[in-house]
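Residue-level listing of the chains:
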Amino acid sequence: MVPDIEPLLEEYTPENTTIATLCSHSSMQIFHGAREAGFDTLGISVGGYPEHFDAFPKAKPDDFMIVKDYDEIVDRVGELVDENCIVVPHGSFVEYLGADKFKHLEVPTFGNRNVLEWEGDRDRERDWLTQAGIRMPDTIDDPDDIDRPTLVKYGGAKGGRGFFIATSPQEFYDNVDEDEEYVIQEYILGTRYYFHYFQSPLRSDGYDCAGGRLEMMGCDRRDETNIDEIHRLGSIGNITELKKKGIDPSFVVAGNLPLVLRESQLPKVLDMGRRAVEKGYELFDGLIGPFCLETVITDDLDFYVFEISARIVAGTNLFPKGSPYTAFMDEDVSTGRRIAQEIEHGLETGRLDEVVS
Amino acid sequence: MVPDIEPLLEEYTPENTTIATLCSHSSMQIFHGAREAGFDTLGISVGGYPEHFDAFPKAKPDDFMIVKDYDEIVDRVGELVDENCIVVPHGSFVEYLGADKFKHLEVPTFGNRNVLEWEGDRDRERDWLTQAGIRMPDTIDDPDDIDRPTLVKYGGAKGGRGFFIATSPQEFYDNVDEDEEYVIQEYILGTRYYFHYFQSPLRSDGYDCAGGRLEMMGCDRRDETNIDEIHRLGSIGNITELKKKGIDPSFVVAGNLPLVLRESQLPKVLDMGRRAVEKGYELFDGLIGPFCLETVITDDLDFYVFEISARIVAGTNLFPKGSPYTAFMDEDVSTGRRIAQEIEHGLETGRLDEVVS
Amino acid sequence: MVPDIEPLLEEYTPENTTIATLCSHSSMQIFHGAREAGFDTLGISVGGYPEHFDAFPKAKPDDFMIVKDYDEIVDRVGELVDENCIVVPHGSFVEYLGADKFKHLEVPTFGNRNVLEWEGDRDRERDWLTQAGIRMPDTIDDPDDIDRPTLVKYGGAKGGRGFFIATSPQEFYDNVDEDEEYVIQEYILGTRYYFHYFQSPLRSDGYDCAGGRLEMMGCDRRDETNIDEIHRLGSIGNITELKKKGIDPSFVVAGNLPLVLRESQLPKVLDMGRRAVEKGYELFDGLIGPFCLETVITDDLDFYVFEISARIVAGTNLFPKGSPYTAFMDEDVSTGRRIAQEIEHGLETGRLDEVVS
């Protein structure tokens, strides 16, 4: 169970609230946005002072809580409450602390922590999205059934390392690391678009969604090493032949590239976002704030969602000054700033409890 | 013949003019730019209210004309005139309404509609550009003559679907869909750059072109599904082998990526633009407003133009707040805004007739 | 020996100083930044008036010095001194004039010209960077030792043309042009990130480096023709087979794409920059102003630097209005503007001699 943080919120005012997060992933944008909105900021840093913030003064938090390891964050959570912190989660925060520990942190966090039980479990994630009417790549249970391109993904902390594309059972068996837990996912042919959304329960003057409004903050493509440049080697063999030569394709995220989508497809993108949010309200009482649908668009202009991230994604780091999409919104801001705005709005209207958990 | 819209223009003033376009392609940018310039805006929507505009309030037109199909636009063109509309064409508008119907719409449109007869016919397009001294890829008439990489393109509404690269007659015959009309175009090896220009007949204080000035608004690369990510599969066969495995390369535009060009090549790019415009004045009395040269740049730094778009292209959607090139111009604006400026300038100086047809 | 320009500096004041550079590469950004900072600007143009500047009025220098060839720049250097010019070098300037002539130009130049002796010599460049603790790809002396992917690079003015990837001695011998001088460099598998830094000796309120501060201005990826799109041909052979078909992979820079890096890797990037600068101070008394580390990031998230550019790089042309990184700095400006700021700061504090040579 997520802790009951409502009693804590009584102390939080627009003047004394601090925005806190772990110093990584998209934290510069989160701190920058919070500062612009007038909040105090606190950076949680593991293992020492994160000196690189000296190079980015407008993204540098006012204070740091330096811990020796992730567990110490749990131990010192009281300090965060004393500072009236609202913790903004991001992918690294949840992954390195552990979803379970994050879920139980006794401090207000931005968004709905119940989503973690659905997002962190591949089967429940699939239930959520497919029940929402969102198309996903198939999962293939038996490697002998591989009859088209598939992506073999490992679980755990490997983060894309060693993932490979198998187009036949043979290629699967030649290359799989049997010591790891794996899933075999249909590899949809197309180009990848990662859409950044923001669901605001506090505003209803826009694209109607679950009683609030859904916003589209931007779009990027993840740049993965080494798969996104391995083609420069030329055509020198299939996956098995490459591995024999010591060349190991991998899918480790190194950064992000900006993109805009063909405008005619935006209605589908907003509709998918709304479906994910509204089903989320049904299943676990709400998907709140930033989230991302990670999609492939085929040459039939069909979208397949291969993953959902239920919080700010690093692709938003492309747009600290707003994106080609926020240019058309009421305020042309980064996702970090948008989070701060929503918190501010919650504080000012006495509805903070609707956007934190 | 393009209709005579000059009598209609007498009613148009800076105060009562409305900018209209079809809700798609680059319409958000067109509406946004028109609103910023102070114009009323009208969105033509086929099949219902385009709800996604609710997510982009600054790009949402003041009014909508909702039609059940494209023909209804023709029937209701009088309403557009009543609202003193200037219709801004874009690729989807012209394609879905039909170039011929667009040409005969009895309402002022931005730019010169005569260009459609030259742009819409591959042979005349080639005459126009090659007579202007612009290098184009060769066309290969007989598939048996394929002796280097070629792109096999289908006509009609397939929009890139099923296009394929053939490097030999065998590959052509193995993969061509004989039921479709096709052209075989030399596939120039290089990287693609799509240059966004704006020809202003109303201003002469800049890069001199046909008595007006030529501007460079930006540059992008189209992102095509699935060809632009199919390399992630690894080297698993030539086109024939891929098709046998059920893997169909395709060239369907899904979006756009921003780029800047090596600065030393800009003189060539502006020169190509000028050649296209000046030859256009010779052949059909003017290329006006936004247009795009779709190029490949080889490793000899030679440019080949494989297509011209004689109106705003979707790649400009990357730059609603201006591009790395407009940053250096007198006003750092989007192409949508630039169109509105030119209309405004025409209205204010009594020269509107020079930029609409 | 670099000429002694200190006596010349006595005449330079904030009011009378002119920023000059060769009209190419990143000159629009340099002129634009200088104008914004209030400096006069002078463009050196070889072979005639660079008409394309008419399209970019805010980047157009106040005056031009038009020369018939590069040698004339040397002859007319006195005119540059008469105008109190500070010459800003960029890659084309140094390459086309010749590093040796650039080094001896009797006019103040931005940055430390002593770096040219280290940057222009592959062995010294390697000494510099490896002594700084920066990882570089191996060099392979004997083609028979090729046992993994390598990039075969030619020297001289070919600029990427004909470079090729060889994965075996056979592929090397089949494809090498023995008439050219070549180096065989280990080809690190990963994705390329080009980091734009700025070392300010005049400011110490930031990321501490060599007594000054190190800034990170942005990040791009070079777009190289034709290697970056050759994959669209499909898998039709290794390098030897491609060349037999008349298809020649090449690595000629055509432009640049914007990127952001995974935030967790920024500490490494800043650390690498600092190492390069601090070792530069040790070896040749300073690396000052803009520079670039050209890196590959592997799937272990290790960085390999394959080149250093000790001046402004063309990738910064993506960011005339600032980058996703400068958004977090005290001033959100282009590298061109940042150069002008540093000169201005030097002039105002009497420390100009610390940033020019």
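About the cut-offs
Residues numbered from 1 in each chain as written. Chains lettered and ligands numbered in written order. Predicted model: local features only at pLDDT ≥ 70, side-chain atom pairs only at ≥ 80, totals over all residues. Heavy atoms only, no water. Least-squares fit on C-alpha atoms with pLDDT ≥ 70 in both. Contact = heavy atoms within 4.5 Å. pLDDT = per-residue confidence, 0-100. Helix = DSSP H or I, 4+ residues; strand = E, 2+ residues; numbered from the N terminus. Buried < 20%, exposed > 50% of the residue type's maximum accessible area, 1.4 Å probe, protein only. Polar contact = N/O pair within 3.5 Å; in protein donor to acceptor, adjacent residues only side chain to side chain. Buried area = accessible area lost by both parts, 1.4 Å probe. Salt bridge = Lys/Arg side-chain N within 4 Å of Asp/Glu carboxyl O. Nonpolar A, V, L, I, M, F, W, Y, C, P; charged D, E, K, R; others polar. Pairing = 2+ DSSP bridges. Axes fitted to C-alpha atoms, helices over the stretch in contact; angles between N-to-C directions. Parallel < 35°, antiparallel > 145°, perpendicular 65-115°, else oblique. Left-handed = near helix turned anticlockwise from the far one by under 90°.

Relative to chain A, chain C is turned by 120 degrees and slid 0.0 Å along the rotation axis, the superposed coordinates differing by an RMSD of 0.0 Å. Classification of the inter-copy transformation places it as that of a three-fold axis. For chain C, the residue whose C-alpha comes nearest the rotation axis is C:Ser235, separated from it by 2.8 Å. An asymmetric contact is evident, with only 14% of the interface residues of chain C recurring at the interface of chain A.

Let us look at the confidence of the model for chain A. Across chain A, pLDDT averages 96, with 99% of residues at or above 70. Overall fold confidence for the complex sits at a pTM of 0.97, while the interface term, ipTM, reaches 0.97.

What follows deals with the environment of B:Tyr49. All names here are of chain B. Tracing the sequence through the fold places Tyr49 in the loop between β2 (40–46) and β3 (63–67). Given the relative accessible area of 38%, Tyr49 is considered partly exposed. Not counting chain neighbours up to four residues away, the residues in contact with Tyr49 comprise Asp54, Lys60, Phe64 and Ile66. In terms of polar contacts, Tyr49 uses its side chain to reach the side chain of Asp54, at 2.4 Å.

On to the relation of the copies chain B and chain C. Overlaying chain B with chain C gives an RMSD of 0.0 Å, the required rotation being 120 degrees about an axis along which the chain moves by 0.0 Å. Of all interface residues in chain B, a mere 14% are interface residues in chain C too; the two copies therefore contact each other through different surfaces.

Across the contact, 49 residues belong to chain B and 43 residues belong to chain C. Counting each side, the surface lost to burial between chain B and chain C is near 4000 Å², with a carbon and sulfur contribution of 57%. When the buried area of chain B at its contact with chain C is split by residue, B:Glu263, B:Asp299 and B:Phe328 rank highest and sum to 22% of it. In this assembly, chain B and chain C are joined by nine salt bridges. Of the charged contacts, one joins B:Asp228 and C:Arg232 as a salt bridge, the two residues approaching to 2.5 Å between their closest N and O atoms. Scanning the region where chain B abuts chain C turns up 23 residue pairs in polar contact (both at pLDDT 80 or more). Every element with two or more residues in the side of chain B that touches chain C is listed here: β9 (191–200), β11 (212–226), β12 (251–258), β13 (260–261) and α11 (266–284) of chain B. A per-class count over the side of chain B that touches chain C returns 25 nonpolar, twelve polar and twelve charged. Relative to strand β12 (residues 251–258) of chain C, β13(B) runs antiparallel, the two being bridged by two bridges. Looking at the pairing, B:Val260 lines up with C:Asn256 of β12(C).

Residue and element names in this part refer to chain C. In contact at an axis separation of 7 Å, helix α2 (residues 27–36) and helix α12 (residues 335–349) are set at 45 degrees when each is read in the N-to-C sense. Between α2 and α12, the angle is such that the two are oblique. Crossing of α2 against α12: the hand is right-handed. Here α2 contributes Gln29, Ile30, Gly33, Ala34 and Glu36 to the contact with α12, which in turn contributes Thr335, Gly336, Arg337 and Ala340. Split into classes, the residues belonging to the contact of α2 with α12 amount to three nonpolar, four polar and two charged.

The subject of this paragraph is the interface of chain C and chain A. Listed per partner, the contact involves 49 residues of chain C and 43 residues of chain A. Where chain C abuts chain A, roughly 4000 Å² becomes buried across the two surfaces, and 57% of that area is made up of carbon and sulfur atoms. Of all residues in chain C, C:Glu263, C:Asp299 and C:Phe328 give up the largest surface area on contact with chain A, accounting jointly for 22% of the area buried on that side. Here the side of chain C that touches chain A is built from residues that sort into 25 nonpolar, twelve polar and twelve charged.

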